[in-house]
Amino acid sequence: MFKNILPFVLILFLCSCKKDHKKITITNFKQQKTLLVEPYSLIPYSMFNLRIKGYVNDTIYLRTEGVYNLEFKLSGNIDTLWYSDYYGEGPIKCIFLPYKATEGKLDIEIKL
């Protein structure tokens, strides 16, 4: 019976890791935060999505490193979606910098 359950548990574990999808809610604007997404080697990809939603009392910076080197300077009420073609070229790091903002609530989601 153990031999029958082991493959199921292994598949469930691998599917739950979600290294190609990360989401964070930011309410503490005292330090920078970093998200890293990496493609799985055997899964085909076609799109990279970055969604930023929420509000801040002043300016923030958000930048990505890796395949896409983007920079966003945002403030106030934010509802931004950026997407582009992506074919598994490598990992993408998303870095949040509070800059002048001291309060607010932001949801940042990055997925391949």
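Residues numbered from 1 in each chain as written. Predicted model: local features only at pLDDT ≥ 70, side-chain atom pairs only at ≥ 80, totals over all residues. Heavy atoms only, no water.

A. Just the overall build of the protein, in detail. In terms of helices and strands, the protein carries one helix and six strands. Starting at the N terminus and ending at the C terminus, the protein contains elements arranged as α-β-β-β-β-β-β. Considering the protein as a whole, with its 112 residues, one finds that 32% of them fall into the buried category. Of all intrachain contacts in the protein linking residues separated by at least 6 positions in sequence, the fraction that spans at least 24 positions is 71%. Carbon and sulfur atoms provide 55% of the accessible area of the protein, an area that totals close to 7,500 Å². (Helix = DSSP H or I, 4+ residues; strand = E, 2+ residues; numbered from the N terminus. Buried < 20%, exposed > 50% of the residue type's maximum accessible area, 1.4 Å probe, protein only. Contact = heavy atoms within 4.5 Å. Areas by Shrake-Rupley, 256 points an atom, 1.4 Å probe, with all protein chains shown as cover.)

B. Representation of the environment of Pro91 in the model. Counting through the fold element by element, Pro91 comes out in the loop between strand 4 (71–85) and strand 5 (92–97). You can call Pro91 partly exposed: its relative accessible area is 43%. As for Pro91 and Pro39, which are separated by 52 residues in sequence, their C-alpha atoms are 6.5 Å apart. Excluding residues that lie within four positions of it along the chain, Pro91 makes contacts with Leu36, Val37, Glu38, Pro39, Glu65, Gly66, Val67 and Tyr86.

C. Inspection of the pattern of salt bridges at higher detail. By the definition in use, this model includes two salt bridges. The shortest N-O distance in the salt bridge between Asp79 and Arg51 comes to 2.8 Å. Placement of Asp79 in strand 4 and of Arg51 in strand 3 (residues 47–66) is noted, with a sequence separation of 28 residues between them. (Salt bridge = Lys/Arg side-chain N within 4 Å of Asp/Glu carboxyl O.)

D. Layout of the pairing of strand 4. Bridge count for strand 3 against strand 4 is 14 bridges, and the pairing is antiparallel. Counted as the bridge partner of Leu50 is Trp82 from strand 4. Taking the residues between adjacent antiparallel strands as the criterion, strand 3 and strand 4 are bridged by four residues. (Pairing = 2+ DSSP bridges.)

E. Quick peek at the nonpolar core. Counting 25 residues, the largest nonpolar core has Phe48, Leu50, Ile60, Leu106 and Ile108 as the members making the most contacts within it. Taken together, the elements giving at least two residues each to this core come down to strand 2 (33–37), strand 3, strand 4, strand 5 and strand 6 (104–111). Considering every element that reaches this core, the biggest residue donor is strand 3, with six residues. If we ignore the near neighbours within four places in the chain, the residues touching Ile108 are Lys22, Lys23, Ile24, Ile26, Leu35, Leu50, Arg51, Ile52, Leu62, Cys94 and Phe96. (Core = buried A, V, L, I, M, F, W, Y, C linked by side-chain atoms within 4.5 Å.)

F. Representation of the side chain of Thr59 in the model. Here Thr59 shows up in strand 3. For Thr59, a relative accessible area of 13% gives the class buried. Sequence-distant contacts of Thr59, defined by excluding residues within four places in its chain, comprise Lys73, Leu74, Ser75, Pro98, Tyr99, Lys100 and Ala101.

These results come straight from atomic positions and should not be treated as a statement about function.
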